[in-house]
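# Results of the structural survey
So you can see what is in the structure, the chains are spelled out below.
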Amino acid sequence: MALLITDDCINCDVCEPECPNDAIYMGAEIYEIDPDKCTECVGHFDEPQCQQVCPVSCIPFNPAWRETPEQLRAKYERLTAGKDAPASPLP
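As the structure is a computational prediction, the values presented were derived from the model and not from experiment. Along each chain, residues carry numbers from 1 onward, in the same order as the chain's sequence is written. pLDDT decides what is reported in this predicted model: residues at 70 or higher carry local features, side-chain atom pairs at 80 or more are listed and counted, and totals for whole chains, interfaces and linings draw on all residues regardless. Derived side-chain values reflect all non-hydrogen atoms in the structure, with water molecules and hydrogen atoms excluded from consideration.

## Quick word on the overall build of the chain
Helix numbers and strand numbers start at the N terminus; a helix is a DSSP run of H or I with at least 4 residues, a strand a run of E with at least 2. Scanning the chain from terminus to terminus reveals two helices and two strands. In the chain, the succession of α and β elements from N to C terminus is β-β-α-α. Here the chain, with 91 residues, has 32% of them falling under the buried criterion. The criterion used for residue contact is that any of the two residues' heavy atoms lie within 4.5 Å. Within the chain, residue pairs in contact and separated by at least 24 positions form 65% of the contacts whose partners lie at least 6 positions apart. Summed over its atoms, the accessible surface of the chain is roughly 6,000 Å², and 52% of this surface lies on carbon and sulfur atoms. Positive: Lys, Arg. Negative: Asp, Glu. His and the chain ends are not part of the count. Charge coordinates come from a single atom per side chain, which is NZ of Lys, CZ of Arg, CG of Asp or CD of Glu. Once the 6 positive and 17 negative side-chain charges of the chain are each reduced to a mean point, those two points are 8 Å apart. Remark: exposure states derive from per-residue accessible area (1.4 Å probe, protein chains only) relative to the maximum for the residue type, with buried under 20%, exposed over 50%, and partly exposed in between. Computed with the Shrake-Rupley method and a 1.4 Å probe, the accessible areas treat only the protein chains shown as cover for residues.

Here you go:
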């Protein structure tokens with residue numbers, strides 16, 4: 001499942017730069033997580049980095065967005081496909 005930032009967020013700005021998928025962004029009042037981009041850091045790290053750095057522990061798993069480890073891996077592969085590919089030379 002993806003992660004979720006609760007209303008306990010204090011907007012400390014430490015989670016956003018830790019997200020390897022750019023899934024965290026500033027919402028209307030607090031930071032939010034795009035579940036289409038959140039892989040719980042699967043493929044990047046052993047544990048979700050935003051949870052590791054959050055000083056108020058306001059980033060639980062989102063019960064409304066359940067995904068298996070296999071689905072998270074597939075999302076990681078989709079999100080990172082082509083990122084390491086060399087740029088095409090100009091004709």
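## Quick word on the pattern of salt bridges
We define a salt bridge as a contact between a side-chain nitrogen of Lys or Arg and a carboxyl oxygen of Asp or Glu at a distance within 4 Å. Tallied over the full model, the rule gives one salt bridge. Note that K75 is salt-bridged to E67, the shortest N-O span being 3.0 Å. Here the two residues K75 and E67 agree in accessibility, since each one is buried.

## What about unusual backbone geometry?
Of note in the backbone geometry, N11 takes a positive phi value of approximately 55° without being a glycine. Counting through the fold element by element, N11 comes out in the segment before β1 (24-26). Of note, D13 is a non-glycine position whose phi angle comes to about 75°, a positive value. Along the polypeptide, D13 turns up in the segment before β1.

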